[in-house]
Amino acid sequence: MMTKTHKDYKLKVAGLQKSFTLHNRGGVHVRGFTGVNFSLHCGQLLALSGPSGVGKSSILKTIYRTYLPDRGSVFFQRQNGSEVDLASCPESRILDLRRREIGFVTQFLKILPRISALEGVAHPLVEIGVDEEEAKERARTMLERLGIRKELFGLSPLTFSGGEQQRINIARGIIAPKELILLDEPTASLDQRSSETVLELLAELKCRGIAMVAIFHDQRKVEQIADTCVTIERQEQ
Amino acid sequence: MLLELNNVSKIFGPGCSRCLQETGEDSGGAICPRCSSVVAVNSVSLAVKNDEILGVVGESGSGKSTLLQLIYQDITVSSGEIYFNGLKEKSGARLNIATLSAAKISRMRSHEMSMIYQNPYLGLNFNFSAGGNIAEKIIGSGERRYDHIRERAYFYFGKIEMPASRIDDYPDAFSGGQQQRIQIAKALSSSPRLLLLDEPTTGLDVSVQARILDLIKALQHEMGFSMIVVSHDLGVINHLTDLTLVMKDGSLVEYGLTDQILEDPQHPYTQLLVSSKL
C-alpha cells in the first residue's frame, strides 16, 4: 500500500470513478463521475470546472475519502517521501493524513454553536501545538485581513451572514495549512473585495508550496489563480 | 493495535451448532430458528488503534451494548478472542482477555480500561460520596497514600467542572447530568488507555448533553485515550467519533470513516439508518 518513491507530483488521480446505489429507492444507480485523471505539483492550484451537477464536489469528496470510489487511484506523496493510494489505503491512515497533511475547505461552515469565531479560527493552530494565546493572535490577524469586524470575533459564526461564515470557513481551512488543500467554492458567496483577499491568500499558499484542488463558480477566478484547469464533462446516465 | 476482536460472538440461551449461521443480518434476525437462543453478537471482528475514536451505531437490540460489555468483560464471550494493549501470556503468546480470571479483569479495569454507563447506578456506588467513588478507582489503580488519592480526586473533580465544595456529597444529591460527569471523572482517574461509553448522554436534555460531549471531547484531546462510543444518536456519533461501525441483528454490516458512513453509506441498512436522521 505504501512505498518509497521519488515522483515529482504531489497528487495524481488516475481513472477515478464514483457512482451511488440507492438501495432504499429500489436500487437506483446514480452515476457520479467516471474516468477522472489529473496530476498536481507542490505549489500549484488545479481548478475543476464544468456545469453544475457534473460531479466536481463529488471528486473532491472522493479524494478526501468521504466518498468511497468505485475504481481508480488517488496517489498522494507524503511528507516523508512515501506514496499512498488514498482510494484504497486503510481508514486509520486516512485519519492520520487528515490530521497532518490533507485539508478540506467545504462550501458550508461546520462549527459548533458554542465556539466563538476567534476560537474557531485559532483551533487548527492549537491542534498542531501552537500556544493558545499566540494562536488567537494569529487568528485575529487572519480575521482582520478577511474583513471580519472586531465586534464579531467573540460571537458564534452561526449568527453571521453567509459571506462572513464563508470567510470564517476559509480562515479555519488555511490558517494552519496542510500540504494538500481541497477547496469547494471558497469564494461562492463573497463580494468582490473579499474574493480578491481570498485569492491573495491562496496565491500566498502557492508560494509556500501548498498544493490545492479547487472549484470556483466564476471562471474569471480560475483564470486569475489556477495553474491548471481540468474540465469535467457531463456523463450520459 | 490497542484492541482487537477476532470473530467474537455472544449467545444467550442453550445455543446450537447452527446459531451463528442461521442468525445475523442475512438471516433477518438474531434468534436462532433451531434452538431459540438469542445471538446478540455474531462473529464480530474489529480493531482500535491508540488515539482512535470508534462509534457503534444500530437500532435497539442490534448488539451494540453487548459488544461493549464483552470488551469490558462484564459478560463472557461464547466464542472468539479479544486482545488488548499488548497483554501477553507467560509463554509470550498474545493473551486473550476473554480467558482472564476475575481478579485479573478487575486489575485490567483499574489500570487500563474504563466504562461509562447510560445508567449512573451501574457506574457509581451510591453508598460512597462523589469523591469516594473517584478515590475507589484511584486506589484500584495502585495508589495507597491518602494525600495523593485526595489530590487526584480533586484534580479530576475539577476536570469535570464541578465545584470542589461538592466532592463529599453523595451521587443521589446530584442531577442526572452531574452524575454522568462524576462517572467521567471516576472513569478517567485511573488514566485508562481505552474508555468505553454506552449511550453516555441518552435521557439528558440537549444543553446538558452538549456540555458532556464537549467535556469528553476536550478530555480525550488533552489525555489522548482511545474511545468506543455506543449511541443510537447519529448526532453524537458525528460529534465524537472518527470511525464508525454499524450493527444489525448482532452482525457488523459496515465499517468506515464516520463522514463516509454518514454521507456515502454503502449497506442498505446503513442507508436506511442515515436517511432516518431528523
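Below, the structure is looked at part by part. Note that this is a predicted model, so its numbers are computed, not measured. (Residues numbered from 1 in each chain as written. Chains lettered and ligands numbered in written order. Predicted model: local features only at pLDDT ≥ 70, side-chain atom pairs only at ≥ 80, totals over all residues.)

**Quick notes on the overall build of chain A**
Applied cut-off: Helix numbers and strand numbers start at the N terminus; a helix is a DSSP run of H or I with at least 4 residues, a strand a run of E with at least 2. In this description the radius of gyration comes from C-alpha coordinates, and the expected globular size is given by 2.2 Å times residues to the power 0.38. Two residues qualify as a contact pair if the distance between their C-beta atoms, derived from the backbone, is within 7 Å.
Broken down by element type, chain A carries 7 helices and 10 strands. Radius of gyration (C-alpha) of chain A: 18 Å, near the 18 Å computed for a compact globule of 237 residues. Taking the principal axes of the C-alpha coordinates as reference, chain A spans close to 50 × 40 × 40 Å. Summarising the internal contacts of chain A: among those between residues at least 6 apart in sequence, 71% fall at separations of at least 24.

**As for the packing of helix α6 (residues 176–188) of chain B against helix α7 (residues 206–223) of chain B**
Residues and elements named next belong to chain B. For clarity, the cut-off: Here an axis means a line fitted to C-alpha atoms, over the contact stretch when the element is a helix, while the angle between two N-to-C directions is reported on a 0 to 180 degree scale. Should an angle lie under 35 degrees it is considered roughly parallel, over 145 roughly antiparallel, and from 65 to 115 roughly perpendicular; all remaining angles are considered oblique. Rotating anticlockwise by less than a right angle from the far helix to the near helix defines a left-handed crossing, while the corresponding clockwise rotation defines a right-handed one. Any residue outside Ala, Val, Leu, Ile, Met, Phe, Trp, Tyr, Cys, Pro, Asp, Glu, Lys and Arg is labelled polar, Gly included; the first ten of those are nonpolar and the last four are charged.
As a packed pair, α6 and α7 sit with axes 10 Å apart at the nearest point and diverge in direction by 15°. Here α6 is positioned roughly parallel relative to α7, judged by the angle of their axes. When the axes of α6 and α7 are compared, the crossing they make is right-handed. Residue-level contacts link Gly177, Gln180, Arg181, Ile184 and Leu188 of α6 to Val208, Ile212, Leu215, Ile216, Leu219 and Met223 of α7. Residues that form the contact of α6 with α7 fall into these classes: 8 nonpolar, 2 polar and 1 charged.

**Quick notes on the sheet that holds strand β4 (residues 45–49) of chain A**
Residues and elements named next belong to chain A. For clarity, the threshold we go by: At least two DSSP bridges between two strands are required for those strands to pair.
Read from one edge of the open sheet, 5 strands run β7-β8-β9-β4-β10, paired in parallel fashion. In the strand order of this sheet, the two ends are held by β7 (102–105) and β10 (228–231), each with one partner. Across this sheet, the average inter-strand angle for adjacent strands is 15°, counted without regard to direction. As paired strands, β7 and strand β8 (residues 180–184) are joined by 4 bridges and run parallel to one another.

**Here's the deal with the interface of chain A and chain B**
Taken residue by residue, the interface counts 11 residues in chain A and 17 residues in chain B. For the side of chain A that touches chain B, the residue count by class is 4 nonpolar, 4 polar and 3 charged.

**Description of the sheet that holds strand β1 (residues 3–12) of chain B**
Residue and element names in this part refer to chain B. If you trace the 3 strands from one edge of the open sheet to the other, you get β2-β1-β4, paired in antiparallel fashion. In this open sheet, the two edge strands, each paired with only one partner strand, are β2 (38–48) and β4 (79–84). Within this sheet the neighbouring strands show an average axis-to-axis angle of 20°, counted without direction. Taken together, the 5 bridges between β1 and β4 define a ladder with antiparallel strand orientation. Among the inter-strand pairings, Asn6 is bridged to a residue of β4, identified as Glu81. Together, β1, β2 and β4 form the strand contacts of helix α1 (residues 64–71), whose direction differs from that of β2 by roughly 60°.

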